[in-house]
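Commentary on secondary and tertiary structure
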Amino acid sequence: QVHLVESGGGSVQAGGSLRLSCVASGSWYNIHRMGWFRQAPGKEREGVAAIYRGGGSTYYADSVKGRFTISQHNVNTFHLQMNSLKPEDTGMYYCAADLIGSSRGPWDFGYWGQGTQVTVSS
């Protein structure tokens with residue numbers, strides 16, 4: 001069992017920055033990848049960024065490349081640095097984790113945090 005808690009959401013004007021944080025507890029040592037997803041009103045949830053725990057390899061959705069950076073702070077804490085924010089980045093952001101041996105694809109994550117709201121105004 002893995003428990004995830006996100007923080008750092010808020011409201012910012014276009015062009016601004018926010019840093020989201022995710023802390024994993026429970027069986028965090030079995031986490032293979034950590035990821036961030038978002039869901040805007042009326043839209044499907046989409047993967048934003050992901051990182052392999054410990055290894056540092058990352059990948060991103062095309063829409064955020066060059067603006068967002070995912071990183072690992074320590075053994076169970078991850079960040080999503082969001083720069084040059086746009087109104088279309090608005091949504092609920094979720095931290096996610098997949099465990100070793102459970103992945104079925106680059107955006108296949110089985111554990112989810114409660115979400116943190118990001119609102120970008122024009």
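Residues numbered from 1 in each chain as written. Predicted model: local features only at pLDDT ≥ 70, side-chain atom pairs only at ≥ 80, totals over all residues. Heavy atoms only, no water.

Take the environment of Gly-66 next. Among the structural elements, Gly-66 can be located in the loop between β6 (58-60) and β7 (68-74). For the pair Gly-66 and Gly-10, spaced 56 residues apart in sequence, the C-alpha to C-alpha distance is 21 Å. (Helix = DSSP H or I, 4+ residues; strand = E, 2+ residues; numbered from the N terminus.)

As a further point, take the state of the cysteines. Taken as a whole, this structure holds one disulfide when the rule is applied. Through a disulfide, Cys-22 is tied to Cys-95; the S-S separation comes to 1.9 Å. Disulfide Cys-22 to Cys-95: torsion about the S-S bond roughly -80°, handedness left-handed. One end of the pair, Cys-22, is in strand β3 (residues 18-26); the other, Cys-95, is in strand β9 (residues 91-99), and 73 residues separate them in sequence. Judged by its relative accessible area of 0%, Cys-95 falls in the buried class. (Disulfide = S-S within 2.5 Å. Buried < 20%, exposed > 50% of the residue type's maximum accessible area, 1.4 Å probe, protein only.)

Next up on the list: the nonpolar core. Within the largest apolar cluster, 28 residues are counted, with the highest numbers of intra-cluster contacts made by Met-34, Trp-36, Leu-80, Met-82 and Tyr-93. Listing elements by their share of this core, those giving two or more residues are β1 (2-7), β3, β4 (31-39), β5 (46-52), β7, β8 (77-82), β9 and β11 (116-121). In this view, Met-34 contacts Leu-4, Cys-22, Ala-49, Ala-50, Ile-51, Ile-70, Phe-78, Cys-95, Ala-96, Ala-97 and Phe-109; residues no more than four positions away in its chain are not counted. One finds Phe-37, Tyr-59, Ala-96 and Phe-109 within the second-largest nonpolar core, a separate group that totals five residues. (Core = buried A, V, L, I, M, F, W, Y, C linked by side-chain atoms within 4.5 Å. Contact = heavy atoms within 4.5 Å.)

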